[in-house]
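Coordinate inspection notes
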Amino acid sequence: PGPRVGGVLRGAHWNPIGAGIFKVTGEAWTLTGPSVILGYLVLAPAVLASSVSYAVYLSTPLGREPGGEYTHISRTFGGFGIAFVGAWLKIISYIGALAYLAVAFADYSIQLSGGLLRTEQGTFIALASLVFFYVVHVAGVRWFGRIQVAMCAVLALSLAVLIVPGLFAIQPSNYRPFFTHGLRGFAASLPPLFFAYAGFESLAQTAGEVKDSTHRLPRV
């Protein structure tokens, strides 16, 4: 077992809030304007419905085994065919998510560099970020755990820096018009916003590496 914090292995997928929330929210705002807030509320029931099924599975003996959806689907249907398809679909979706986040990292790096980095270097920066995290994975779970904890701390700090001062700068006039591009724009904003919720289900992957997982993970 690797290093534990509060009885929990410091490994992959322990961050319930992904970096996609920053990029996705901005892009959804261009589609629907201030009603992006309502979009998150509209999607919440669907996400909660999905999370309930994960919580139920994790509260059973399956919550002590690694494998996540693959384990749950294979045991439920009594076979590995559907579970195989489900696992591959998730891998494909995660490849897309990795590409999206890598490009987002490159875009922000270029903007924050003050002219030191150029737009045409974006692809190289995105690929370099993926190679960096691949090397961290190869180095082992201990190093990945340390990087994950550090990134989670930076994420929490960035959220605090954005949200807390923003609460004192809210102006009602900025919320008019609420639906910038009408109902069609609001509907178009929902698919990317759902991506911001993605990641919570990955907690199931840690089931075999978490102390008292059948009690801890459902609460998380």
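Cut-off values and rules
- Residues numbered from 1 in each chain as written.
- Predicted model: local features only at pLDDT ≥ 70, side-chain atom pairs only at ≥ 80, totals over all residues.
- Heavy atoms only, no water.
- pLDDT = per-residue confidence, 0-100.
- Helix = DSSP H or I, 4+ residues; strand = E, 2+ residues; numbered from the N terminus.
- Contact = heavy atoms within 4.5 Å.
- Phe/Tyr/Trp six-rings, centres within 6.5 Å; stacked < 30°, edge-to-face > 60°.
- Buried < 20%, exposed > 50% of the residue type's maximum accessible area, 1.4 Å probe, protein only.
- Lys NZ or Arg CZ within 6 Å of the ring centre and 35° of its normal.
- Salt bridge = Lys/Arg side-chain N within 4 Å of Asp/Glu carboxyl O.

1. A short note on the confidence of the model for the chain
Overall, the prediction assigns the chain a mean pLDDT of 83, with 91% of residues at 70 or greater. Confidence, expressed as mean pLDDT per element, reaches its minimum in the chain at strand E2 (residues 8-9) with 37 and its maximum at helix H5 (residues 122-139) with 93. The low-confidence segment residues 1-16 (pLDDT under 50) makes 40 contacts with residues lying over four places distant or belonging to another chain.

2. Let's talk about the packing of aromatic side chains
Inspection of every chain in the model, using the stated rule, returns 5 aromatic pairs. With a centroid separation of 5.1 Å and an interplanar angle of 75 degrees, the aromatic rings of Phe132 and Phe133 are classed as edge-to-face. Assessed through its relative accessible area of 43%, Phe132 is described here as partly exposed. Measuring from centroid to centroid gives 5.2 Å for Phe178 and Phe179, while their planes differ by 90 degrees, and the two rings are edge-to-face. One aromatic cluster is present, built from ring pairs that chain together Phe178, Phe179 and Phe186. Looking at Arg146, its charged tip hangs above the ring of Trp143, at a distance of 4.9 Å from the centre.

3. Quick notes on unusual backbone geometry
For the bond running from Arg176 to Pro177, omega is -5 degrees, close enough to zero to count as cis. A positive phi angle, near 55 degrees, is found at Asp212, a position not held by glycine.

4. Brief notes about the pattern of salt bridges
Evaluation of the coordinates by the stated rule reveals 3 salt bridges. Where Arg75 meets Glu65, a salt bridge forms, and the shortest distance between an N and an O atom there is 3.7 Å. Residue Arg75 is located in helix H3 (residues 69-77), and its partner Glu65 is located in the loop between helix H2 (36-58) and H3; the two are separated by 10 residues in the primary sequence. The class for Arg75 is partly exposed, based on a relative accessible area of 45%. One salt bridge in this structure joins Arg118 and Glu120, with 3.0 Å as the shortest N-O distance.

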